[in-house]
Amino acid sequence: VDPDSKLATTRWWRNTTLPEVFDVTGAGEDELYCAMDWLQTRQGAIEKKLASRHLQEGEMVLFEFTHPDYL
């Protein structure tokens, strides 16, 4: 997934097969904003769950936050 602003994500969403895969082809910008807000409030819990499932004690994950358009 290409991280970007919320508005850019709503535009990107329309150019993917994700709405069909998730059976939400009728979702508009308001629904996408609500879903992103919902995910953001749960981000910490989601990250902890994924880490406990996929990482061993002492391992670490590094994230790259630099967007190529801003380099």
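Please read these numbers as outputs of a predicted model, since none were measured by experiment.

## Focus on the packing of helix α1 (residues 6–13) against helix α3 (residues 29–41)
Between α1 and α3, whose axes approach to 10 Å, the crossing angle comes to 120°. As far as their axial angle goes, α3 and α1 are oblique. Of the two possible hands of crossing, α1 and α3 adopt the one that is right-handed. Of the residues in α3, those touching α1 at K6, L7, T9, T10 and W13 are E29, L32, Y33, M36 and D37. Here the residues of the contact of α1 with α3 sort into 5 nonpolar, 2 polar and 3 charged.

## Side note on α1
Considered for burial, the residues of α1 that qualify are T9, T10 and W13. Seen end-on, α1 carries its buried residues on one side only, within an arc spanning 100°. For α1, the secondary structure elements touched by its buried residues are α2 (18–21) and α3.

## Focus on a nonpolar patch on the surface
On the surface, a cluster of nonpolar side chains totalling about 380 Å² of accessible area is made up of W38, L39, I46 and L50. Counting residues per element, the ones that place at least two in the nonpolar patch are α3 and α4 (43–54). Along the chain, the position of L39 falls in helix α3.

## A look at unusual backbone geometry
The phi dihedral of D23 is positive, around 55°, even though this residue is not glycine. You can see D23 is positioned in the loop between α2 and α3. Under the relative-accessibility criterion, D23 is labelled exposed at 67%.

The rules we used
- Residues numbered from 1 in each chain as written.
- Predicted model: local features only at pLDDT ≥ 70, side-chain atom pairs only at ≥ 80, totals over all residues.
- Heavy atoms only, no water.
- Axes fitted to C-alpha atoms, helices over the stretch in contact; angles between N-to-C directions.
- Helix = DSSP H or I, 4+ residues; strand = E, 2+ residues; numbered from the N terminus.
- Parallel < 35°, antiparallel > 145°, perpendicular 65-115°, else oblique.
- Left-handed = near helix turned anticlockwise from the far one by under 90°.
- Contact = heavy atoms within 4.5 Å.
- Nonpolar A, V, L, I, M, F, W, Y, C, P; charged D, E, K, R; others polar.
- Buried < 20%, exposed > 50% of the residue type's maximum accessible area, 1.4 Å probe, protein only.
- Arc of directions from axis to C-beta.
- Patch = residues over 30% accessible without salt bridge, like charges linked within 9 Å, V, L, I, M, F, W, Y side chains within 5 Å.
- Areas by Shrake-Rupley, 256 points an atom, 1.4 Å probe, with all protein chains shown as cover.
- Salt bridge = Lys/Arg side-chain N within 4 Å of Asp/Glu carboxyl O.

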